[in-house]
Amino acid sequence: MTDEQSASNAVLVVGGGISGLTAALEAAEVGNDVFIVEKEPTLGGRVSQLNQYFPKLCPPSCGLEINFRRIRDNRRIRTYTMTTVKSVSGTPGNYEVVLETMPRYVNSNCAGCGECAEACPDEVDNSFNFGMNKRKAVYLPHEMAFPRRFVVEKEALSEAGAIAIKKACKYGAIDLDMGVETRTVHVASIVWATGWEPYDANRLTNLKFGQSSSIITNMMMERLASPNGPTNGKILRPGDDKEIESIAFVQCAGSRDENHLEYCSYICCMATFKQMSYVREQYPDAKIYVYYIDLRTPGKYEKFREERMADENAFFVKGKVADILPNEDGGVTVIAENALTAEKMAQKVDMAVLATGMQPTQAIQPMAVDVPTDNNGFILTDAGKGMIAAGCAKKAADVVTCTQSSTAAALKAIQISRR
Ligand SMILES: Cc1cc2nc3c(=O)[nH]c(=O)nc-3n(C[C@H](O)[C@H](O)[C@H](O)COP(=O)(O)OP(=O)(O)OC[C@H]3O[C@@H](n4cnc5c(N)ncnc54)[C@H](O)[C@@H]3O)c2cc1C
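Residues numbered from 1 in each chain as written. Predicted model: local features only at pLDDT ≥ 70, side-chain atom pairs only at ≥ 80, totals over all residues. Heavy atoms only, no water.

A. Representation of the overall build of the chain. Of regular secondary structure, the chain possesses nine helices and 23 strands. For the chain, whose C-alpha radius of gyration is 23 Å, the value lies close to the compact-globule estimate of 22 Å for 419 residues. Seen through its principal axes, the chain has C-alpha atoms that stretch 65 × 55 × 35 Å. Residue burial in the chain is summarised as follows: out of 419 residues, 56% are buried. Sequence-distant contacts, at least 24 apart, represent 69% of the contacts inside the chain between residues at least 6 apart. (Helix = DSSP H or I, 4+ residues; strand = E, 2+ residues; numbered from the N terminus. Rg over C-alpha atoms; globule rule 2.2 N^0.38 Å. Buried < 20%, exposed > 50% of the residue type's maximum accessible area, 1.4 Å probe, protein only. Contact = heavy atoms within 4.5 Å.)

B. Representation of the nonpolar core. Core analysis: the biggest nonpolar cluster contains 86 residues, and Val-34, Met-221, Ile-247, Phe-249, Val-279 and Ile-324 have the highest contact counts within it. Of all the elements, helix H1 (residues 18-28) adds the most residues to this core, at seven residues. In this structure, Ile-247 is in contact with Met-221, Val-279, Lys-287, Ile-288, Tyr-289, Val-349, Met-351 and Val-353, ignoring residues within four places of it in sequence. (Core = buried A, V, L, I, M, F, W, Y, C linked by side-chain atoms within 4.5 Å.)

C. Summary view of helix H7 (residues 302-309). Of all the positions in H7, only Phe-304, Arg-305 and Arg-308 are classed as buried. All buried residues of H7 fall inside an arc of 100 degrees around its axis, so they share one side. (Arc of directions from axis to C-beta.)

D. Expanded view of the site of the ligand. Close contacts around the ligand come from 37 residues, with Ser-19, Glu-38, Phe-54, Ala-397 and Val-399 the closest. Measuring from an oxygen atom of the ligand, one finds a backbone N or O atom of Cys-392 at 3.0 Å. Summarising the interface, the protein chains cover 97% of the accessible area of the ligand, which totals 1000 Å² for the free molecule. Elements represented by at least two residues in the shell around the ligand include exactly H1, strand E5 (83-91), helix H5 (218-225), helix H6 (268-282) and helix H9 (399-417). Here the shell around the ligand gets three residues from one element, more than from any other, and that element is H5. Grouping the amino acids of the shell around the ligand by side-chain chemistry returns 17 nonpolar, 13 polar and seven charged. (Near = heavy atom within 4 Å. Polar contact = N/O pair within 3.5 Å; in protein donor to acceptor, adjacent residues only side chain to side chain. Areas by Shrake-Rupley, 256 points an atom, 1.4 Å probe, with all protein chains shown as cover. Nonpolar A, V, L, I, M, F, W, Y, C, P; charged D, E, K, R; others polar.)

E. The pairing of strand E17 (residues 314-318), seen in detail. The pairing of strand E16 (residues 287-292) with E17 spans five bridges and is parallel. Across the sheet, residue Ile-288 finds its bridge partner in E17, namely Ala-314. (Pairing = 2+ DSSP bridges.)

F. Inspection of the pattern of salt bridges at higher detail. This model, assessed by the stated rule, comprises 24 salt bridges. Notably, a salt bridge pairs Arg-135 with Glu-153, separated by 2.8 Å at the nearest N-O pair. On the criterion of sequence distance, the pair formed by Arg-135 in strand E8 (residues 134-136) and Glu-153 in the loop between strand E10 (151-152) and helix H4 (159-168) is long-range, its members being 18 residues apart. The residue Glu-181 makes a salt bridge to Arg-183 at a minimum N-O spacing of 3.4 Å. Among the residues examined, Glu-181 registers a relative accessible area of 43% and is labelled partly exposed. Looking at Arg-183, the relative accessible area reads 11%, which means it is buried. Overlapping salt bridges, with partners in common, bring together Arg-237, Asp-240, Lys-242, Glu-245 and Asp-350 in one network. (Salt bridge = Lys/Arg side-chain N within 4 Å of Asp/Glu carboxyl O.)

G. Spatial organisation of the sheet that holds strand E18 (residues 321-326). What the three strands build is an open sheet, ordered E18-E19-E20; its pairing is antiparallel. Edge positions in the sheet fall to E18 and strand E20 (344-349), since each has one partner strand and no second. On average, each strand axis in the sheet is tilted by 20 degrees relative to the strand beside it, whichever way the strands run. (Axes fitted to C-alpha atoms, helices over the stretch in contact; angles between N-to-C directions.)

H. Focus on the side chain of Arg-183. With respect to the element layout, Arg-183 can be found in strand E11 (residues 181-187). Here Thr-101 takes part through its side chain, which lies 3.3 Å from a polar atom of the side chain of Arg-183. At 3.4 Å, the side chain of Arg-183 forms a polar contact with the side chain of Glu-181.

I. Region of the structure containing the environment of Asn-107. Relative to the helices and strands, Asn-107 is located in the loop between strand E6 (94-101) and helix H3 (115-119). For Asn-107, a relative accessible area of 19% corresponds to the buried category. Distance in space between the C-alpha atoms of Asn-107 and Ala-173 is 5.0 Å, their sequence separation being 66 residues. Not counting residues within four places of it along the chain, the set of residues in contact with Asn-107 comprises Arg-149, Gly-172, Ala-173 and Met-178.

J. Fine view of the packing of H6 against H7. Running from N to C, H6 and H7 point in directions that differ by 45 degrees, and their axes come no closer than 10 Å. Here H7 runs oblique to H6, going by the angle between their axes. Crossing of H6 against H7: the hand is left-handed. Note on element contacts: H7 touches H6 through Phe-304, Arg-305, Arg-308 and Met-309, opposite Met-270, Phe-273, Lys-274, Met-276 and Ser-277. Tallied by class, residues from the contact of H6 with H7 come to five nonpolar, one polar and three charged. (Parallel < 35°, antiparallel > 145°, perpendicular 65-115°, else oblique. Left-handed = near helix turned anticlockwise from the far one by under 90°.)

K. Just the sheet that holds strand E14 (residues 215-217), in detail. With respect to topology, five strands assemble into an open sheet ordered E14-E21-E15-E16-E17, the strand pairing being parallel. Taken across any chain shown, the strands that pair with only one partner, and hence form the sheet edges, are E14 and E17. Direction aside, the axes of adjacent strands within the sheet are offset by 20 degrees on average. Here three bridges tie E14 to strand E21 (residues 351-356), and the two strands are oriented parallel to one another. Note on E21: the bridge partner recorded for Thr-217 is Leu-354. Against the sheet, H5 touches E14, strand E15 (246-253) and E21, its axis set at about 90 degrees to E14.

If you want it as structure tokens, here you go:
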């Protein structure tokens, strides 16, 4: 176990998504030392899975890469990937935090050349693409990965695979004997930026996710439309690669529903309007059906909504979807009641996208340390204790709102460190 002493003004940021990166940079750029702890092998969080992000519809690289560069250039920031917090003891201004790092099985000699993956015979479902394609047992999580270092999923590696990847690496970077490491850091305050997970669509039994490959989630749509996704950006129906002539978006899939997520995830309507653009760009004549309870596009997003609603091949139905029936031709029939006309509707489409909401990670994979949360698992700030929640760990939000709340969290964390 290593013990990393640091100036007592250090801030621990847990979670390396856009919120954690923002809080870390804000604190470090005014002179605090910062530790970023990220459980995955790379920083960037969910934003790195998006194809484009609203409102400007730019690729995620435009926001993330600048932040990665600022982190690389800032000596005050230390990042620990594949790491979680095991315990926190002490008092505000003077915390001792034990961190646990899982083995990457690839050391810092890795040049990111990818020859190990080329040589590796073992494949597993690609979790970054929600299982819509395969990746090797040694892999770079995605092309923007930071740090740009491969990682081995040892459970998926055969004996032959182990021999092949070691032989292929001319830098001696594969180290299958690596073990779990623990280290202690001393910090003044902690920012919880552990983000969100997509709500589990398997729980929405009436919407039949998993019973037909043509029923996907909105995050799967982001990956389908991404140039670095499973179809290189071409939106094709999973299962048979059919081009899209018609598509349905099912809003509030699990959201604003006391049996699932009682709250509005804030971004799902905007995400659907954005994804309508992905479809329209590739399929000028495709019919697009959107089933909704309310369309929520607050503030500056109103114009974005208006533009997409002007599309003459887009049809908006105010009504909650009751059922989705898989069809023999590979498509689905969406069953809903139009709340304005009381008409019962059955619409055949090539595929359906479930606009599932954001559930706080803390509700699904709680940390080893006790943190206060509300009933939905969103983390509550305890500013007196120097423990501050930021971004989607605190509430469902878009990127702009997350970066604002992260800047505010950094300010609180700095204040505690200077008391
Ligand atoms: C379909 C869809 C489309 C969207 N499109 C847009 C868009 O176009 N524009 C927009 O502004 N917003 C969009 N959003 C919202 C956007 O994704 C979020 O605002 C953003 O991801 C929030 O960032 P975050 O850092 O708070 O959380 P995350 O991105 O979830 O990052 C949290 C990080 O913390 C890590 N972590 C979690 N638990 C631990 C732990 N215990 N220890 C260490 N690390 C941990 C995670 O691995 C992750 O890297 C979209 C959301 C959805 C569902």
